[in-house]
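Coordinate inspection notes
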2 protein chains.
Amino acid sequence: MLLDIRIKMNDKLFLRNPEDSVLGKRIVSQGLVLINKLGFEDFTFKKLAAEIETTEASIYRYFENKHRLLVYLITWYWSFLEYKVLFSLNNIHDPEVKLKTIIGLLVIVPERAKSTEFISEFEAYELVKWESSKAYLTRNITKDNKDRLFKPYKDLCHRIAEIIKEYNPNYKYPYFLASTILEMSHAQKFFMENLPALTDSTVPNDNKLISFLEHLLFSSIQKPTK
Amino acid sequence: MLLDIRIKMNDKLFLRNPEDSVLGKRIVSQGLVLINKLGFEDFTFKKLAAEIETTEASIYRYFENKHRLLVYLITWYWSFLEYKVLFSLNNIHDPEVKLKTIIGLLVIVPERAKSTEFISEFEAYELVKWESSKAYLTRNITKDNKDRLFKPYKDLCHRIAEIIKEYNPNYKYPYFLASTILEMSHAQKFFMENLPALTDSTVPNDNKLISFLEHLLFSSIQKPTK
DNA sequence: TACAAAATGATAGTAAAACTATTATATAAA
DNA sequence: TTTATATAATAGTTTTACTATCATTTTGTA
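Residues numbered from 1 in each chain as written. Chains lettered and ligands numbered in written order. Predicted model: local features only at pLDDT ≥ 70, side-chain atom pairs only at ≥ 80, totals over all residues. Heavy atoms only, no water.

This brings us to the protein's contact with DNA strand C. By nearness alone, 16 residues border DNA strand C, and Glu-56 and Tyr-60 of chain A together with Thr-54, Arg-61 and Tyr-62 of chain B come closest of all. Backbone atoms, meaning sugar plus phosphate, form 60% of the atoms of DNA strand C positioned within 4 Å of the protein. One nitrogen or oxygen atom from the side chain of Arg-61 of chain B is found 2.9 Å from a base oxygen belonging to DNA strand C. The element that contributes the greatest number of residues to the surface near DNA strand C is helix H3 (residues 56-60) of chain A, accounting for 3 residues. When the residues that make up the surface near DNA strand C are grouped by side-chain class, the tally is 4 nonpolar, 6 polar and 6 charged. (Near = heavy atom within 4 Å. Polar contact = N/O pair within 3.5 Å; in protein donor to acceptor, adjacent residues only side chain to side chain. Helix = DSSP H or I, 4+ residues; strand = E, 2+ residues; numbered from the N terminus. Nonpolar A, V, L, I, M, F, W, Y, C, P; charged D, E, K, R; others polar.)

Attention now moves to the protein's contact with DNA strand D. Taken together, 17 residues surround DNA strand D, and among them Thr-54 and Tyr-62 of chain A together with Glu-56, Tyr-60 and Asn-65 of chain B come closest. Among the atoms of DNA strand D lying within 4 Å of the protein, the sugar-phosphate backbone contributes 59%. Between DNA strand D and the protein, one listed contact pairs a phosphate oxygen with a side-chain N or O atom of Arg-16 of chain A at 3.3 Å. Here a sugar or linking oxygen of DNA strand D and a side-chain polar atom of Tyr-60 of chain B are 3.1 Å apart.

Contact residues are listed per partner, giving 56 residues for chain B and 56 residues for chain A. Of the roughly 4800 Å² buried between chain B and chain A on both sides combined, carbon and sulfur atoms contribute 67%. The three residues of chain B that bury the most area against chain A are Leu-137, Arg-139 and Phe-176 of chain B, which together make up 17% of that side's buried surface. The tally of links from chain B across to chain A stands at 2 salt bridges. We note a salt bridge from Arg-139 of chain A to Glu-131 of chain B, for which the minimum N-O separation is 3.3 Å. Summed over the shared surface of chain B and chain A, the result is 28 residue pairs in polar contact (both at pLDDT 80 or more). At the level of elements, helix H1 (22-38), helix H6 (121-136), helix H7 (141-146), helix H8 (151-167), helix H9 (174-194) and helix H10 (206-222) of chain B are the ones that each hand at least two residues to the side of chain B that touches chain A. Per-element tally for the side of chain B that touches chain A: the top contributor is H9 of chain B, with 13 residues. The residue inventory of the side of chain B that touches chain A, partitioned by class, reads 27 nonpolar, 17 polar and 12 charged. (Contact = heavy atoms within 4.5 Å. Buried area = accessible area lost by both parts, 1.4 Å probe. Salt bridge = Lys/Arg side-chain N within 4 Å of Asp/Glu carboxyl O.)

Locating Ser-179 of chain B in the fold gives a position in helix H9. Assessed through its relative accessible area of 0%, Ser-179 of chain B is described here as buried. Among the polar contacts listed, one links the side chain of Ser-179 of chain B to the backbone oxygen of Leu-198 of chain A, at a separation of 2.9 Å. Apart from the residues within four sequence positions on either side, Ser-179 of chain B is in contact with Gln-188, Phe-191 and Leu-198 of chain A together with Tyr-153 and Cys-157 of chain B. (Buried < 20%, exposed > 50% of the residue type's maximum accessible area, 1.4 Å probe, protein only.)

Turning next to helix H5 (residues 95-107) of chain A. Residues and elements named next belong to chain A. Counted at 1.5 Å a residue, the expected span for H5 with its 13 residues is 18 Å, and the 18 Å between its end C-alpha atoms agrees. Among all positions of H5, only Pro-95, Lys-98, Leu-99, Ile-102, Ile-103, Gly-104, Leu-105, Leu-106 and Val-107 are buried. Where the residues of H5 are buried, they touch helix H4 (66-89), helix H6 (121-136), helix H8 (151-167), helix H9 (174-194) and helix H10 (206-222). Its side-chain oxygen at 2.9 Å from the backbone nitrogen of Glu-96, Asp-94 defines the N-terminal cap of H5. (Expected span 1.5 Å × (residues − 1).)

Glancing now at H1 of chain B. Taking 1.5 Å of rise per residue, the 17 residues of H1 of chain B would be expected to cover 24 Å, and the 23 Å separating its terminal C-alpha atoms lies within 8% of that figure. Lining the buried residues of H1 of chain B we find helix H2 (45-51), helix H3 (56-60), helix H4 (66-89) and H6 of chain B.

Our next topic: the relation of the copies chain B and chain A. When chain B is fitted to chain A, the best match, at an RMSD of 0.0 Å, comes from turning it 180° and sliding it 0.0 Å along the axis. On the angle and the small slide along the axis, the relation comes out as a two-fold axis. Judged by C-alpha distance, Ser-219 of chain B is the residue of chain B that lies nearest the rotation axis, at 2.7 Å. A share of 100% of the interface residues of chain B reappears at the interface of chain A, consistent with the copies meeting face to face through the same patch. (Least-squares fit on C-alpha atoms with pLDDT ≥ 70 in both.)

Another aspect to go through is empty space enclosed by the protein. Taken as a whole and assessed by the stated rule, the structure comprises 4 cavities of 30 Å³ or more. Size it by volume and the largest cavity reaches roughly 610 Å³. In this structure, the largest cavity is lined by 44 residues; those nearest its centre are Ser-133, Tyr-136 and Glu-183 of chain A together with Ser-133 and Glu-183 of chain B. Within the residue set of the lining of the largest cavity, elements represented by two or more residues are H4, H6, H8 and H9 of chain A together with H4, H6 and H9 of chain B. When the residues that make up the lining of the largest cavity are grouped by side-chain class, the tally is 31 nonpolar, 8 polar and 5 charged. The volume enclosed by the second largest cavity comes to roughly 60 Å³. As for the second largest cavity, its lining consists of Ile-5, Arg-6, Ile-7, Met-9, Glu-19, Tyr-72, Trp-76, Glu-117, Phe-118 and Ile-119 of chain B. Of the residues in the lining of the second largest cavity, the class split is 7 nonpolar, no polar and 3 charged. (1 Å grid on protein atoms, 1.4 Å probe; cavity = no way out; pocket = protein on both sides within 12 Å on 5 of 7 lines; lining within 4 Å. Points joined across faces, edges and corners; volume = space filled by probe spheres on them.)

Here it is as structure tokens:
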């Protein structure tokens, strides 16, 4: 269904483009898997080097540090998701259907097997659920933001906000609402699985989360803002 | 206005109760300030020891590691906030007013000066804005949750959810909604200050965020859930 | 007031993390 | 074929995240 696409990554993210070599691709794809396995805090370049049978020094030639690798992977996910959104919204004109489609894409776990890219979409989804906020919750945020590292996320937010405005041009908080839906689609999934007392779901249930997010989104856009 | 209260902290959080000694209190209060200054990643017990003129080893007698100190501080904040909520809701019977009061308490920045406790409320608020999710986004979450480390946050969420149910007993997502409001009150503040493209506010503006959260909350609870 | 128990300080040490540097070897491009 | 470039192998540095030991204060109680 989805063609093999190339996602253009911000070159501030790496020292050497990992897409240009076999080793680079392995660093990225296996780095993703290993971060998911160990958690970002316990993940080190040394462990990754052992895993893919290369050296620490070789990995450092691609990425300045593990945080940059994290941001690389997270932004890859958001870029990929925006591509999927774009693709899925093709030929849809009703903003309500558009927004529901996007919520589905945000919440539904990608299939494990299916990966056209060298990066596993399923693993990237898991990474975003656990580690995404660590990409921006640092003291370098202002500099990183100037380097446009968060552009893919902001673009996706912008796209959602535009559809919200299309649905109701008088709605006053399209960006607040778009970023709330974006953040909550992953955070609430995390809560369902790890802190279920914060949710209405004892068993992780995508449908219930989708229903909530849709209800939240549409009740808010439909109600007049004075 | 607020009396000097004692917040009972979970004793799994520390090795020795920091409230019981001058040094312990300094570790907590200055640790908070130093984490805010450096960011959690760059904060170390060694730096804190230098700051308060003690030794690393002494700090380790109180806290197993810096993550436990972080959780201590974050849960202190949520406990304190629940106390404030309880106090502020006294004599209010209308659930609408209750919910608006809570949103105000969540969003409005505490005054810098005013601190009855040895922990600065203002600093704790800043900490929550920057570091709160790092308290639970770890591979120890299941164990930490079993140790009830997140109880204060869950309690606050529960309290809000109960008022939501009071407002509309038929509303189907009281916990999803309560945790969304809780998470977004701080995350959106962070976005306004650091990634404003994700928000509708160019200048950090508490009133606009409050209006959004109130609109979001009430439009959702008012609309029937089928 | 005196003595014991507990807390703190001073110091040292270890293992791992987070890098940097150097040189040799393999691979690819001209 | 040569030359540039990438990778491997190895080693080294500084900092972090601890743990251990013992001396010295401080505190609580008989």
